[in-house]
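# Understanding the architecture of this molecule
Next come the chains, spelled out residue by residue.
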Amino acid sequence: MASNSSLENTIDKILNHTESNILSSLDSALSESRQKLDDSVSTLEQEYDQIISNGRKEADKIEKQIIGSSDLKARNKQLTTVEESIDKVFAKALDEIANADRSGDYSNLIKSLLDESTKNLGTNEVIVFTNSKDKDIVQSNLSQYPGAEFSSETIDCLGGVKVKSKDGAMTFDNTLDAKIQRLKPLIRKDITTQFGVGN
Amino acid sequence: MSEGGVQYSKIAEIKGPLVVVDDVSNAAFDELVEIETNEGERRLGKVLEVGNGKAIVQVFEGTTGLSISGTNAKFVGKMMEMPVSKELLGRVFDGLGRPKDGLPDPIADKFVDINGEPMNPEQREYPKDFIQTGVSVIDGTMTLIRGQKLPIFSGSGMSHNLLAAQIARQASVVGTQDDFAVVFAAIGVQYSEAEYFRRSLEESGALKRSVLFLNTADDPAIERIITPRVALTVAEYLAFELGMHVLVILTDMTNYAEALREISAAREEVPGRKGYPGYLYTDLSTIYERAGKLNGRKGSVTQVPILSMPSDDITHPIPDLTGYITEGQIVLGRDLFRQGVYPPVNILMSLSRLMKDGIGEGSTRADHGEVSNQIYDAYSRAQEVRALAGIVGKAGLTEIDLKYMDVGDAFENEFLTQATDENRTIEETLGIMWKIVSKLPKNEITKIKDKYVDQYYKEK
C-alpha cells in the first residue's frame with residue numbers, strides 16, 4: 001500500500017510538473033504570439049505606408065506624364081499654326097514685292113544694292129545679273145560703276161542684283177530673295193509678335 | 001569681319017573634313033561658311049585658319065561628295081549662332097541645332113554666338129545649392145551642386161546612358177520655386193540610344209522642361225565639335241537670361257575628343273598623347289568652364305559630362321584632362337556592372353568636391369555629411385575584409401569583420417542598387433544610409449556625432 005501511495009505521489013508530482021510546464025509554455029507561446037502580432041502591426045503599418053507612398057509617387061509620375069505630353073502637344077500645335085500663318089504672310093509679302101512699282105525710290109534701292117555688292121567684292125570689275133523686270137533700272141545705274149558690265153543673261157529672282165567678279169572667283173548675291181532669306185529669322189519674330197504669341 | 005555674303009568659287013584643295021579656299025579676302029577666324037555643292041546642297045562649316053589669301057574651312061557635315069570644281073564657299077560674315085528663346089524647351093534638335101522633331105525652326109528671341117562668352121572669374125558665385133537627382137548614390141555620397149561640373153567616368157558598354165537618362169528625367173531643385181531645365185546633348189551615340197533618350201524624356205513628361213540635341217554615330221564626326229557648344233549656348237541663355245537652374249548632360253565626351261583628333265590629324269598638327277591634339281586640355285576647358293553661377297543672376301548651369309574611358313583606363317588623356325578641370329568625378333566600376341548592380345558607381349574612386357558646401361542643415365539634413373563619411377569608411381573596410389576573406393576564408397574572420405561584410409553587401413544591394421525608374425527623395429536616401437550604418441555596433445560608428453546616432457540609429 002505504502003509503495004502504491006508513494007507511486008501516486010510521484011505520478012502526481014510529475015503530472016503537476018508537466019502541467020505547470022505546459023501552462024508556462026502556453027503562457028510564453030501566448031506572449032510570443034502577442035509580441036509577434038504587435039510587431040507585425042507596425043510592419044503592416046510600415047508596409048501600408050510604403051504602399052500608399054509608392055502609389056502617390058506613381059500617381060505623381062503619371063500626372064506629370066499626362067500634363068507634360070498634353071502641354072507639349074498643345075504647344076506643338078500652336079507652333080505649327082503660327083508657322084503656317086508666317087508662311088502665308090511671307091507669300092503675300094513676296095507677291096507684293098514681285099509686283100511692286102519699279103518707279104520712284106526703286107532706282108535708289110538698286111543703286112544701294114550695287115554699292116553694297118561692289119564694296120563687299122572689293123572691286124568694280126564685275127558682271128551684274130538681274131531679272132527681266134529690273135533690267136532697265138540696273139543698266140541705267142551701271143554707268144556710275146566704271147568697269148562694271150551688264151549681263152544679258154537674266155536670273156530668276158524677285159528683284160535686286162547678283163554681282164560676280166570678272167574672273168569668276170567671287171559672287172555676291174544681293175537679290176531681294178537673298179536679302180529676305182538673310183533677314184527671315186528676324187522677320188519671323190516680328191510677325192509672331194504681331195500675332196501676340198511667342199514669348 | 002566683313003559684312004559677309006561673298007561667295008568664293010576657287011577651291012584649292014579638299015582634305016578630310018577641310019576645304020581650302022583660294023583668293024579669299026576679309027574672312028575671319030571662326031566665321032561661318034556655307035558650302036554649296038554642284039547639286040545645290042548646302043553644308044555648314046567654319047573658318048579654322050586665314051592668311052595669304054587662303055582660308056581653311058572645316059565642314060561640319062563632312063566633305064563626302066564635294067569636288068574642287070563646282071563647289072562654292074559663301075562666307076556669311078558672322079560666327080555660328082544659335083537661335084535662343086524659352087520656346088526651345090520641349091524641342092529636339094540635331095547636333096548642329098537644327099530641328100529634328102518635324103516642327104518649324106524656333107522663333108528666336110535672339111541669336112547667340114555658340115562659342116559663348118567667358119565667365120568673368122570675379123563675377124562667379126561659389127556653388128552651394130543641392131540638386132536632387134533621385135539616385136541615392138549620387139545624392140547621398142557625391143552630391144551634385146548647382147553650378148558644379150561633375151563628370152561620370154564610364155567604360156564601353158556600361159550603363160552610363162541609362163544613368164544619364166534617369167538623371168535627366170528625375171533631377172530637380174528642392175526647397176525653391178525656381179524653374180529647372182535639362183539640356184541634354186548626345187554626342188556620337190547610336191541611333192537606338194538617341195531614340196531611348198528621346199522616348200524616355202517624352203514618356204516621363206520630362207521633355208517639357210528639356211532641350212535635346214542628338215548627334216548620332218552616323219552623323220559626320222565633325223558635327224560633334226559643335227554639339228556641346230550649341231547645347232551650352234542654350235543652357236546659358238535659359239540660366240542667365242531667364243533665371244532657370246539648368247542641368248546640362250553631355251554624353252559621350254570621348255566621341256567629342258575623337259572628332260577633335262580627326263580634325264587635328266587633317267590639319268597635320270603635331271599630335272600629343274595618343275594622337276589627341278596638344279590643346280585638348282584647353283579645348284575641353286572651353287566646354288567645362290561654361291558651368292557655374294554668376295553674382296546677381298538667379299540661374300545656374302550645372303554640367304554632368306559623361307565619358308567612356310577607352311579600355312577602362314582612367315589615365316587615358318580624356319578622363320585625365322577632364323579630371324583636372326572638373327570638380328570631382330563619378331566613376332562607374334566594371335566589377336559592379338558585371339555583378340548586375342545598377343547604377344554601378346564605385347564610390348571609393350568617386351568624389352564630389354563641392355558636396356560639403358551644398359549639404360547639411362538648411363540644404364539636405366544636418367547629419368548628411370557625417371553619415372556619408374561613415375558609409376564611405378564602412379564600405380572601404382568591407383572591401384578590405386572581402387579581400388581578406390578571399391585568402392583566409394570566411395571562417396577565419398572575426399565577428400566584427402563579418403558585420404562589415406554584411407554592411408558591404410547591404411550597401412550594394414539596398415543603397416547602390418536602384419531601379420531605373422525609382423526616384424528616391426533625399427530623406428529616403430538618408431534613411432537607407434542609416435539602415436546600413438545601423439548594421440554596425442554603435443561603438444564602430446566613429447564619424448557621426450552622438451546626437452545624430454541617438455536620433456537616427458536603428459536599434460534591432
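Residues numbered from 1 in each chain as written. Chains lettered and ligands numbered in written order. Predicted model: local features only at pLDDT ≥ 70, side-chain atom pairs only at ≥ 80, totals over all residues. Heavy atoms only, no water.

### Focus: the overall build of chain A
Along its length, chain A carries four helices and four strands. Written out in order from the N terminus, the α and β elements of chain A read α-α-β-α-β-β-β-α. By the compact-globule yardstick of 16 Å for 199 residues, chain A is too spread out, its C-alpha radius of gyration being 48 Å. When the backbone C-alpha atoms are referred to their principal axes, chain A occupies close to 160 × 35 × 20 Å. A buried classification covers 26% of the 199 residues belonging to chain A. As displayed, chain A has an accessible area near 13,100 Å², and 55% of this comes from carbon and sulfur atoms. Measuring between centres, the 25 positive side-chain charges of chain A sit 8 Å from its 33 negative side-chain charges. (Helix = DSSP H or I, 4+ residues; strand = E, 2+ residues; numbered from the N terminus. Rg over C-alpha atoms; globule rule 2.2 N^0.38 Å. Buried < 20%, exposed > 50% of the residue type's maximum accessible area, 1.4 Å probe, protein only. Areas by Shrake-Rupley, 256 points an atom, 1.4 Å probe, with all protein chains shown as cover. Lys, Arg positive; Asp, Glu negative; His and termini not counted. Charge placed at Lys NZ, Arg CZ, Asp CG, Glu CD.)

### What about the sheet that holds strand β4 (residues 170-175) of chain A?
Taken in spatial order, the 11 strands make up an open sheet running β2(A)-β1(A)-β3(A)-β4(A)-β1(B)-β7(B)-β4(B)-β5(B)-β6(B)-β3(B)-β2(B), and their pairing is mixed. Looking along the sheet, the strands with just one partner apiece sit at the ends: β2 (149-150) of chain A together with β2 (11-15) of chain B. Sheet topology note: the strand β4 (residues 31-36) of chain B/strand β7 (residues 72-79) of chain B ladder contains five bridges and is antiparallel. Looking across to β7 of chain B, one finds that isoleucine 35 of chain B is bridged to alanine 73 of chain B. (Pairing = 2+ DSSP bridges.)

### With respect to the packing of aromatic side chains
Residue and element names in this part refer to chain B. Taken as a whole and judged by the stated rule, the model has eight aromatic pairs over all chains. Ring geometry for tyrosine 196 and phenylalanine 197: centres 6.1 Å apart, planes at 55 degrees, overall tilted. On the accessibility criterion, tyrosine 196 (24% relative accessible area) is partly exposed. Overall, phenylalanine 197 belongs to the buried group, its relative accessible area being 1%. (Phe/Tyr/Trp six-rings, centres within 6.5 Å; stacked < 30°, edge-to-face > 60°.)

### Observations concerning the side chain of histidine 245 of chain B
Residue and element names in this part refer to chain B. Relative to the helices and strands, histidine 245 is located in strand β18 (residues 245-251). Side-chain polar atoms of histidine 245 contact the side chain of aspartate 178, separated by 3.0 Å. In terms of polar contacts, histidine 245 uses its side chain to reach the side chain of serine 300, at 2.8 Å. When near neighbours in sequence (up to four residues on either side) are disregarded, histidine 245 contacts Arg146, Val173, Asp178, Asp179, Phe180, Ala181, Lys298, Gly299 and Ser300. (Polar contact = N/O pair within 3.5 Å; in protein donor to acceptor, adjacent residues only side chain to side chain. Contact = heavy atoms within 4.5 Å.)

### Describing helix α5 (residues 253-266) of chain B
All names here are of chain B. If you check α5, its first and last C-alpha atoms are 20 Å apart, about what 14 residues at 1.5 Å a residue would give, namely 20 Å. Burial within α5 is extensive, with 10 of its 14 residues counted as buried. Measuring from the side-chain oxygen of the N-cap residue of α5 to the backbone nitrogen of threonine 254 gives 2.8 Å; that N-cap residue is aspartate 252. Within two residues after α5, glutamate 268 carries a phi angle of roughly 55 degrees, on the positive side. (Expected span 1.5 Å × (residues − 1).)

### Focus: the pairing of strand β5 (residues 42-51) of chain B
Residue and element names in this part refer to chain B. Judged from the five bridges that link them, β4 and β5 form a sheet pairing that is antiparallel. Note on β5: the bridge partner recorded for leucine 32 is lysine 46. Two strands pair when backbone bridges link them, and β5 and strand β6 (residues 54-59) are joined in this way by six bridges, in the antiparallel orientation. If you follow glycine 51 over to β6, its bridge partner there is lysine 54. Count of turn residues in the β5/β6 antiparallel hairpin: two residues, of which asparagine 52 carries a positive phi of about 55 degrees.

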